[in-house]
Amino acid sequence: MLQVENTLFTLVMLLYFAAMALYFAFIAVKKDGVARVAVGLQAAGLLLHTAALVCRGVGAGRLPLTNQYEFATSFAWGLCLVSLAFVIRFRFPVLGAFASPVTFLIIGYAAMQSKEVKNLMPALRSNWLGFHVSTAIIAYGAFGVSFVLGVIFLLRDRMRARGFMDQHIPGREKLDVIAYRSVSLGLLFLTFTIITGAIWAERAWGSYWSWDPKETWSLVTWIIYSAYLHLRIRRGWQGRAAAIFAVIGFVCVVFTYIGVNTLLPGVHSYA
Amino acid sequence: MRGGVASPHRFKRIYKFIGSMRFAIILLVALALACSIGSLVTQGQTYDWYAQRYSERAAALIVALRLDDAFHSAWFIIITAFLCLNLTLCNLTRLPRLIGRTRAEGRPEGALESAGDVSREGVADPKAAFTRLRMPGPVACKTADGREALFASKHRAGLWGAWVCHLGILLLILGFGLGQMTQAQYTVYGVPGDEKPIGDTGYTLKIEDFAVERRDDDSVAQYTAQISVSGDDARRDAEISVNNPARLFGMKFYQNSVGWATRVNVLENGKPLQSAVICAGEFLPVEDKPELVVYLNAFYPDYAMVPGVGPSSASEKLNNPAWLYSVYYQGQLLGMNALMAGEELTIDAYTVTFTDPQNYTLIQIKRDRFTWLALAGGLITMLGLLLAFYIQPAKIWAIREPDGRWTLRGACKKGGAIFKEQFDRACGLGNEE
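1. As for the environment of E202(A)
Alright, step 1. Positionally, E202(A) belongs in helix α7 (residues 172-205).
Alright, step 2. Judged by its relative accessible area of 12%, E202(A) falls in the buried class.
Alright, step 3. Setting aside residues up to four positions removed in sequence, E202(A) forms contacts with S207(A), Y208(A), K252(B), Y254(B) and T371(B).

Written as structure tokens, this is what we have:
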């Protein structure tokens, strides 16, 4: 099963790369048909990615959510899923062009990690693992999309109105609403992640909150996005300022995921 | 009057500011910074540790600002207290308005006279637009000037999202704070058969059995302890393992960690004098010479001397057991060495041997009466976010113009540009004349 997963993982990387290349081509040749193929390739990549994760889970005999490789590949899966949903829902292929390099970077990071399947330590043998980590994947994916939308928003300000881009990038107001939707999805799931994590920590370690670096940085991320939501309501802070906050928020997400694991070891050091 | 008593107007301004969104944003940013600092500066170390790690000046700053215990420092508690105050005042101020708005949103009176966020004139079949926008059956009413009108509103609960979320956060902080102030925590460790008091609770805990479940590759699958707790003329038994604590007598018992214990045998002139089980890190004073103390520094089940690392264990299997010990006399260190299986330590007339290495279990006992409050706060916060993000209050109304056609209007503050698109689509589909 793990061999199959390995093959599928390579195919997924190729498909994501191809989708990214086609999204770029869509912007270069300005043909909607190219975008449709890119969306199709991304969807195919997502399907194979799902199959790869299932194979990993079956091969390992547990949920594939417990080490750097497994979380990185799941993070890429979450970002691909949420970005694809937003591309289709809002008919916004340019979002795919900006999100696909981020997805590719994350899956590239996953490829650099050890794929060795290790047995779970007793603390990780819990049904809460599935709830806690899978909600984090969706949250991170949604925040990845809000980051991309923030970048598009900031770049849009710099771009002169050109027919093609103007047609394919929504207006400032709609872009702001789409970004709000992605942040709200991310914040809802991050809240779920923190609460399920707290319930699990209470069962495993006897303390639902112990200011572990991972917990603390999840809280910092939560606070940054809460500030984003409050700023967005204030007059004069919509749009550009909110977009900058969405970008800062994702920097916190990446730090929570990679920075904390490498620089600030704590009880989540296995993640 | 300068320097005099503050005017009520000034108090009102301060009160308004403390409950304002601007202050909330300042507090959120301050809290994010405080948490970041608390996680970046290693917590709970001494001045000397910080001086060695950073510099004398940095260490002085860290200790002076209590950055070494950031999450319990006065400044952190003040920020959190202000956040609670801000949330409370915000919710109190908004409550009457929110109740009024919730009522008003369900009534056509105010809406019919307003311009709405979106509008479309010349609509032939307004009911079809109501259906497409998934608005519940519109009610017939009349405008102030007597024109025929239709009105529908939905999802008024969504107005309460932020309010419920704030309430949840308040309860969460309150539950956490009360828990921190009142909780009691104890640890008991030992090997099967040990019975020890649980702090000052009056209860005793007996470790009936302890097992380490291992897989084929020697990795640990689970630690399981059978315990019994006695007190108040009652006894309760339970099995605890990692992720499966037990609740007994209002306390929660956790299988926390594990270590090595061993039997220490002391002979005096070849005759048995004393035999006791001690854990790594414990002392054993010799019975008839208490100033002579044996200290078990560590136990290595599969001893190996690794260059650059020192003594360590190659595995957790008892392949090559070794005991690292120290001997003290009248508080002075006499010596420190490692004994292999079967080896003896001789001090004057005394002979010491280590036998029967076994795992001991460390059990954590906790009593926190406010965990439920924090949990309730978390769940209410979730509910609030769901209401705020996914229940979008909307209202649509149609007014019949003198020419028989209808003007359709709507309002959905949270929907923004996307609601406008949905509205336009719903009105545009074969509705125009």
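2. Things to note about the interface of chain A and chain B
Quoted interface sizes are often the accessible area lost when the parts come together.
Alright, step 1. Residue-level contacts link 50 residues of chain A with 53 residues of chain B.
Alright, step 2. Roughly 4400 Å² of surface becomes buried between chain A and chain B when both sides are summed, with 64% attributable to carbon and sulfur atoms.
Alright, step 3. E202(A) is the salt-bridge partner of K252(B), the closest N and O atoms lying 2.9 Å from each other.
Alright, step 4. At the boundary of chain A and chain B, one finds 15 residue pairs in polar contact (both at pLDDT 80 or more).
Alright, step 5. Those elements that place two or more of their residues in the side of chain A that touches chain B are α7 and α8 (213-233) of chain A.
Alright, step 6. For the side of chain A that touches chain B, the leading source of residues is α7(A), giving 19 residues.
Alright, step 7. Each residue belonging to the side of chain A that touches chain B can be placed in one class, and the counts come to 33 nonpolar, nine polar and eight charged.

3. A few points about the pairing of strand β15 (residues 310-313) of chain B
Residues and elements named next belong to chain B.
Alright, step 1. Relative to β15, strand β14 (residues 303-306) runs antiparallel, the two being bridged by four bridges. Looking at the pairing, Y303 lines up with S313 of β15.
Alright, step 2. Connecting β14 to the next strand, β15, in antiparallel fashion are three residues, including G308 with a positive phi near 85°.

4. Concerning the nonpolar core
Alright, step 1. In this structure, F92(A), L95(A) and Y228(A) are the most contacted members of the largest nonpolar core, which totals 120 residues.
Alright, step 2. Each of domain 1 (1-119) and domain 2 (120-271) of chain A gives at least three residues to this core.
Alright, step 3. For F92(A), the residues in contact, after removing those within four places along its chain, are F86(A), V87(A), L149(A), I152(A), H168(A), I169(A), P170(A), L175(A) and I178(A).
Alright, step 4. Within the second largest apolar cluster, 24 residues are counted, among which are V188(B), L205(B), Y223(B) and F253(B).

5. A word on the sheet that holds strand β16 (residues 322-329) of chain B
Residues and elements named next belong to chain B.
Alright, step 1. With antiparallel pairing, four strands are arranged side by side in an open sheet as β12-β13-β16-β17. With partners counted over all chains shown, the strands left at the sheet margins are β12 (283-286) and β17 (332-340), one partner each. Along the sheet, successive strands turn relative to each other by an average axial angle of 25°, direction set aside.

6. Describing the domain arrangement of chain A
All names here are of chain A.
Alright, step 1. Entries for chain A in the domain assignment read domain 1 (1-119) and domain 2 (120-271).
Alright, step 2. Relative placement of domain 1 and domain 2: their C-alpha centres are 19 Å apart.
Alright, step 3. Counting from both sides, the interface comprises 34 residues of domain 1 and, opposite them, 39 residues of domain 2.
Alright, step 4. Where domain 1 abuts domain 2, roughly 3000 Å² becomes buried across the two surfaces, and 84% of that area is made up of carbon and sulfur atoms.
Alright, step 5. For domain 1, the biggest contributors to the area lost against domain 2 are F71, F75 and F92; these three give 20% of the whole.
Alright, step 6. Connecting domain 1 to domain 2 are zero salt bridges.
Alright, step 7. At the surface where domain 1 touches domain 2, the tally comes to three residue pairs in polar contact (both at pLDDT 80 or more).
Alright, step 8. Of all the elements in the fold, those that place two or more residues in the side of domain 1 that touches domain 2 are α1 (2-29), α3 (68-89) and α4 (93-111).
Alright, step 9. In terms of residue count, α3 provides more of the side of domain 1 that touches domain 2 than any other element does, 13 residues in total.
Alright, step 10. Its residues assigned to classes, the side of domain 1 that touches domain 2 comprises 21 nonpolar, seven polar and six charged.

7. Considerations on the packing of helix α2 (residues 32-60) of chain A against α3(A)
Residues and elements named next belong to chain A.
Alright, step 1. Running from N to C, α2 and α3 point in directions that differ by 145°, and their axes come no closer than 10 Å. When you trace α2 past α3, the crossing you get is left-handed. For the pair α2 and α3, contact is made by V39, Q42, A43, L46, H49, T50, L53 and R56 and by Y69, E70, T73, S74, A76, W77, C80, L81, S83, L84, V87 and I88, respectively.
Alright, step 2. Among the residues making up the contact of α2 with α3, the classes are represented as 12 nonpolar, six polar and two charged.

8. Re the sheet that holds strand β1 (residues 118-123) of chain B
All names here are of chain B.
Alright, step 1. Strand order in the open sheet formed by five strands is β1-β21-β20-β3-β2, and the pairing between neighbours is antiparallel. Of all strands in the sheet, those bounded by a partner on one side alone are β1 and β2 (139-142). The average undirected angle you get between the axes of adjacent strands in this sheet is 20°.
Alright, step 2. Judged from the six bridges that link them, strand β3 (residues 148-154) and strand β20 (residues 394-400) form a sheet pairing that is antiparallel. Looking at the pairing, K154 lines up with A394 of β20.

Rules of the game
Residues numbered from 1 in each chain as written. Chains lettered and ligands numbered in written order. Predicted model: local features only at pLDDT ≥ 70, side-chain atom pairs only at ≥ 80, totals over all residues. Heavy atoms only, no water. Helix = DSSP H or I, 4+ residues; strand = E, 2+ residues; numbered from the N terminus. Buried < 20%, exposed > 50% of the residue type's maximum accessible area, 1.4 Å probe, protein only. Contact = heavy atoms within 4.5 Å. Buried area = accessible area lost by both parts, 1.4 Å probe. Salt bridge = Lys/Arg side-chain N within 4 Å of Asp/Glu carboxyl O. Polar contact = N/O pair within 3.5 Å; in protein donor to acceptor, adjacent residues only side chain to side chain. Nonpolar A, V, L, I, M, F, W, Y, C, P; charged D, E, K, R; others polar. Pairing = 2+ DSSP bridges. Core = buried A, V, L, I, M, F, W, Y, C linked by side-chain atoms within 4.5 Å. Domains from an automatic or database assignment. Axes fitted to C-alpha atoms, helices over the stretch in contact; angles between N-to-C directions. Left-handed = near helix turned anticlockwise from the far one by under 90°.

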